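# An overview of the molecular structure
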Amino acid sequence: MKQLCLMLALTLTGLLCKQLNAEAGSVKTNIGEAATMVEISGDAESGITRSKQLTIPDSFTFKGNLITFTEVEISLKSISGKCLFQQQLKKGANSFSYYQPHLIADIYLLTIGKTSEYIYLTNGVVTLTGYFDDLNNELSNLEFSGIDKHYPFSEYVTALPRPSNPKNEWFETLSGSQLSAFTFIYQREIHGFLKPFYDRMKPADFESESGQWLQRTMDSLQPFSSGIVAPDFSFPDSTGKVFSLNQFKGKIVVLDAWASWCNPCRIAIREVIKYYSEFKDKVQFISVSVDDDKNKWLVANNKEAIPWLSLWDSTGFKPPSDLKSKYGFQFIPFIAVIDPAGLVIRRDILDTKELYDLLKKLTDD
Amino acid sequence: MHKRILQLQVALLLIITTNLQAQLVKKRSSQSASDWYNLSIDKDSVYGASVNKAYAFLQHRQVKKKPLVAIISTGVDIEHDELKNAIWKNPKERPDQKDNDANGLVDDLHGWNFLGNTTGAMSEVFNHTAEREFFRLRDKYEAVFYTGKKFVKLDILSQKLTVLPPPKNIAEYYYYNLELSNSSEVAKQSKSYHFKKVLLYYLFNDFDSLLKKKFKEDSLIKPGDLKYLYETGLAEEDSLRLTSLNAITSIFGIATGFNPDMNYSLFKSSFTDTALAKQAQNKYHAALQQAANSRLQNEDDPARFQDSNYGNNLLCTHNSYAGTLAAGIIAADRNNDIGVKGIASVDIMPLRATPSSGDYYCKDIALAIRYAVNHKADIILLDAKSTEVNVEQALWLQEALQFAAQNNVLVITAAMDNAINLSGSKQFPNKYAGKLLKDKADRYATDANQHLFSFTKDKRAALENYITVAASDTAGNPLLESDFSKEEVDLFAPGVDVYSTFLGNTYKKATSSLMAAATVAGVAALVKSYYPHLTAVQLKTVLLESVSSRQGITVEKLVQIKGKYQPEKQYLSFEDLCLTGGIVNAYQAVKAAAKQ
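Predicted model, so just to flag it, every value in this text is computed and none were measured.

This brings us to the overall build of chain A. Within chain A, the regular secondary structure consists of 11 helices and 17 strands. A burial count over chain A gives 47% of its 365 residues as buried. Once local pairs closer than 6 in sequence are excluded, the contacts in chain A between residues at least 24 apart make up 58%. Of the accessible surface of chain A, which amounts to about 18600 Å², a share of 53% is contributed by carbon and sulfur atoms.

This part takes up the nonpolar core. In terms of nonpolar packing, the biggest core is built from 76 residues, with Ile330, Leu381, Leu410, Ile412, Val469 and Leu543 of chain B touching the most fellow members. Top element by residues in this core is helix 14 (residues 513–530) of chain B. It accounts for 13 residues. Leaving out residues up to four positions away in the same chain, Val469 of chain B has contacts with Ile412, Thr413, Ala414, Ala415, Val489, Leu491, Phe492, Ala493, Ser513, Ala516, Ala517 and Val520 of chain B. Counting residues in each nonpolar core, the second largest holds 47 residues, with Phe248, Ile252, Val288 and Tyr327 of chain A among its members.

Another aspect to go through is the sheet that holds strand 6 (residues 161–164) of chain B. Residue and element names in this part refer to chain B. Reading across the sheet, the three strands line up as 4-5-6 and stay open at both edges, with antiparallel pairing between neighbours. Since the sheet does not close on itself, it has two edges, and those belong to strand 4 (144–146) and strand 6, each with one partner. Going from strand to strand, the sheet's axes swing by 40° on average, the running direction of each strand aside. With three bridges connecting them, strand 4 and strand 5 (residues 151–154) associate as antiparallel partners. For Val144, the partnering residue across the bridge sits in strand 5 and is Lys153. Docked against the sheet, helix 5 (residues 185–214) engages strand 4, strand 5 and strand 6, running at close to 65° with respect to strand 4.

Before going further, it helps to spend a moment on the environment of Ser321 of chain A. Residues and elements named next belong to chain A. Note on placement: Ser321 falls in the loop between strand 15 (309–312) and helix 10 (322–327). Between the C-alpha atom of Ser321 and that of Phe206, which follows or precedes it by 115 residues, the distance is 34 Å. In this view, Ser321 contacts Thr315 and Gly316; residues no more than four positions away in its chain are not counted. At a separation of 3.5 Å, a polar atom in the side chain of Ser321 contacts the main-chain carbonyl oxygen of Phe317.

This part covers helix 15 (residues 536–545) of chain B. Along helix 15 of chain B, the residues that are buried comprise Ala536, Leu539, Lys540, Val542, Leu543 and Leu544 of chain B. Buried positions along helix 15 of chain B lie against strand 9 (410–414), strand 10 (466–472), strand 11 (491–494), helix 14 and helix 16 (586–595) of chain B.

Attention now moves to the state of the cysteines. All names here are of chain A. For the coordinates displayed, the defined rule picks out one disulfide over all chains. Each sulfur in the disulfide pair Cys262 and Cys265 lies 2.1 Å from the other. Disulfide Cys262-Cys265: torsion about the S-S bond near 80°, hence right-handed.

Time to look at the interface of chain B and chain A. If you look at the interface, chain B gives 25 residues, while chain A gives 26 residues. Buried surface at the junction of chain B and chain A, summed over both partners, amounts to about 2100 Å²; 61% is from carbon and sulfur atoms. When the area that chain B buries against chain A is broken down by residue, the three leading residues are Leu24, Val25 and His318 of chain B, summing to 36%. The interface formed by chain B and chain A holds zero salt bridges in total. Joining chain B to chain A, the criterion identifies nine residue pairs in polar contact (both at pLDDT 80 or more). Here the element with the most residues in the side of chain B that touches chain A is strand 13 (residues 506–511) of chain B; it accounts for three residues. Partitioning the side of chain B that touches chain A into residue classes produces 10 nonpolar, 10 polar and five charged.

Rules behind the numbers
Residues numbered from 1 in each chain as written. Chains lettered and ligands numbered in written order. Predicted model: local features only at pLDDT ≥ 70, side-chain atom pairs only at ≥ 80, totals over all residues. Heavy atoms only, no water. Helix = DSSP H or I, 4+ residues; strand = E, 2+ residues; numbered from the N terminus. Buried < 20%, exposed > 50% of the residue type's maximum accessible area, 1.4 Å probe, protein only. Contact = heavy atoms within 4.5 Å. Areas by Shrake-Rupley, 256 points an atom, 1.4 Å probe, with all protein chains shown as cover. Core = buried A, V, L, I, M, F, W, Y, C linked by side-chain atoms within 4.5 Å. Pairing = 2+ DSSP bridges. Axes fitted to C-alpha atoms, helices over the stretch in contact; angles between N-to-C directions. Polar contact = N/O pair within 3.5 Å; in protein donor to acceptor, adjacent residues only side chain to side chain. Disulfide = S-S within 2.5 Å. Buried area = accessible area lost by both parts, 1.4 Å probe. Salt bridge = Lys/Arg side-chain N within 4 Å of Asp/Glu carboxyl O. Nonpolar A, V, L, I, M, F, W, Y, C, P; charged D, E, K, R; others polar.

Below, the structure is given as C-alpha cells:
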C-alpha cells in the first residue's frame, strides 16, 4: 500500500510539476490515510508560490439520510456474508455514517428491510438519501451518489433471457474486480463464457471476494472447458447397435444432447436438419437423447426424422447420468463441436447459426 | 411502467415512473424532470398552465387572500420541506386531546383522517362497491333463481327446490342477479356455485328418473340421448330447468370428448364426485375471503351516516403519495431554491378519506366534503371516483356536494384514466348531483341506480361549482389513457410526467389526471388569491373561458369500449374530448378575472 501511494504520487507530480525531486519529500505515506501530495508551482521572479492539494481516496465512507414509515435494518455485507455495517432505522428521519480505512473494490450486498441488491463499491464517499418503503419497494425514492462504477452493471445485466456470449462493449467499460463481480451477478457458470473476464484480470484483482469466487469457479469448470479431450461414451441406437465417440476420430463431430420433453432441443434439431446436407460428408453429427423413457425417445426420434446418428443414454438427465456428468452440462440442448483429434473446440453452443458458422469455417479449409 | 386499472376500481389512477424490478439502485434517466406546468407554449414551447407568465402579469398587484384548498385524497406528507409552511392550522384547535371547537373530532389541527381509529391504526385495504352490495343483498337474493314464472331456491335441509314469494323490489332483484353477478367477483362465484348445486338437483331428481324410464341400461346412454329430455317438457315454462338441461348435456358431451369410453353411468358418478362442486365451492370461499377485507380498522358503521365522529388526526401513511404529489403541484414553496415551484400560495387542508386501493365509502367522502365546507375551504380537490355506487349512500354524497355548492366552494375532480368516453358511461360522483330522488321507489324505477349517472336523454340539473379535468402532456396532447367526453370533462391540464413532491421529503415524476386536476386547483387558487370576490361559479367560468384552445387539432387516443381496449389508436378532434376544447391557462385566467 505504501509503495502504491508513493508511486501514484510521483507519477502525478511528474505530470504536473517540473520540480519533481523537490516534491518527493512532501508525500505522506502513512497507511490508512489519504496519500496527499502537494503541488507547488512557482513564479520564479516574484517568489510567490501557490499550492494545491490533491487527494487520492484510500478510504471508504458510506453515509446518508433515509426517511421510512416502518422500522427497517440497513446493512452492507460482502459476498461471503461478512458484515461491514449494520444499523436499525426507526420510523421517521434517520442518518447513518460508516467509515472503513480501506475497501477492496468489489460488489457488496446492500440490504434495506426486505430488499437487497449487489452494488459495486470502491474507495471514496458513497451517499444514500431519500425515502424507503419496505412494504412496497416500487414506492421507494432513493438517490445514490459515488457509485459511478456500478452503473454499467445495471445496464448490462438485463432481465432473462440474456446474451449467452459476452459483448465487446462490456470489456471496454469493465476492469479490475468489476470483471469478476460482473460474472458473479450474471450467473452463467460456463468456462467459455467466464474465460475472457478471467484472462483480463490482474493478480491484485483476485484479492477481492468476487475474484476469489471466479478463481474457484474456473478451477471447478476446468474439466468442462474447451481444448480438453472429449470424454468418450458408448450408447445404442434404435436397433440396439452400440456406437462410441472414439470410433469417429479423424472426423469433425457435432455432439447434441437432447430429450423428447425438451422443446427447444427439438427446435434446434429441426434448424440443423435444414443445413445438415451441406456438411454431412465432412462432419459426423451425433444426437444423444437423455430421455428416461425409451418409447418416448423413439416416438420423438421418428417424429423429428433425425437423419444422422441418434443414440440413447438410458441413464437419463437426473443423476447419476452418464453423458451429463462427463460433459458437465446443466441444461439441454447441449451442443459441442469436437475436432478430428478428439478435442472439444467449442461447447455450450445455444445458437444454431453460430454452429453453422463454425462448421463452415472448419470445413472450408 | 404503467399500472393498468380495471374499469371498476377506485378513483385514482396513478402512474409513477419507476423500475419494474425490486431494486435499490434505479437506472439513470436521461430525461430531466420538471414542474413544467409553470411554463407556457409561447415562451417555453410546452403546453404548461402558463403560471410563470401569470405571475409576471400580477407582479404589480396585491395578494388579497390566502385561499384554503382542501385535498380529499389518500393523505398528504405535511412534514415535507416544500409543504410544511403551507398547511392549514385549525384556528380553534389546540393539541390537548380535547375537542376545542366542538365539531366532534379531537385535535383536528390540520385536517382529518377518516380512515383509521382512535388508537392510531389506519385502514388501508378496501374492497369494491360491487362486493359490498353483494354482502348487503345476499340474505335476500343469494341462491335465488327465476324460472320464468316463479322464484325458487334450493332448500338446504330437504335438498329440494322450494318456491319463494316474489321479491318486493323486483328491480333490486335484477340489480343483484344481473348486474352485480357481473361486476362483483364474489357475486359471480356465488351464482356459479349455487347453480352447480341446482344442476345436481335436476340431474338426480328429475332427469335421471325420466331417463331410466326410457333407457333400461345406464351404461348405454350417450350424450346425444339426452335429447329425449327436451321432449319431455313440463306443463309450464321453466327456464331454469332448460338452462340446467343445457348445462348437463354440455358437460356430459365435453367429458365424452376427453374420454371416448365415457357413458351416462360413469358421468353420474363423476358428477357427484365432489370435484366439480368442490372446485366451485373453493372459488366461492376464496372470493368471499378476499371481498370481506375492507376498512377494518374503522370503528364506525359505514351504513349509518349519523355515526360521524370517527377517525384520527394522522394525515400520512406510506400510501399517501397521490395526495402528496397533488399538494406539491398546488402549493410547493415558490420562494426556496430547491425542488419544485407550486402554483399558488395557499393553506392546504389534508382530508384522508380515499383509499389507495379499492373503492371509497360514500360516507367518508361526504363527511370530508362537509368538513371542508364547514371549515371555510374555498376550493376542494376531490379525488374519489368509481363506476359503481350504493344507491342509498350516494344520496349522502350528493347532498354534501349540494352543500358545497350552496356555500360557494369550488369542487375540482379528475376524470379516471381508463380511456373511456364518459358520455353515457357510469361514473360517480359527477356533476348531476343537482337533482335528488328522495323516494326509494323512484330510485329503482329505471335500471337500478342508473339515475345517478349522467345521461343525455334525461338531463338533470348540473352543479355549477363542479369541474372535471383530464391530463395532457407537454405537446398539448391528451394522455393516451385518459377518459374523455364532450359533456362530462370540462378541460385538460398538465398531468403527464409532472415532477412534484413525494413522501419522505423527496420528489417524483408522475402521470395521472389527478395531477391535472391539482394543476387546475392550483390555478383556481391563484386567481382566487388575487380576486377573492369571485364566487365559485364565476371562478369556474373564468377558468373554462380562458383555456389555451386546441380546437381543430386531431390527436391520438386510446379508447376502451365495453371492457376492451381497441387495438388501434383512434384519431379524435380535441374539441370532442372536453367541453372547452382546451388546456388550462393561468395567465389568460388572471387577465379575465381582472376584467370581472
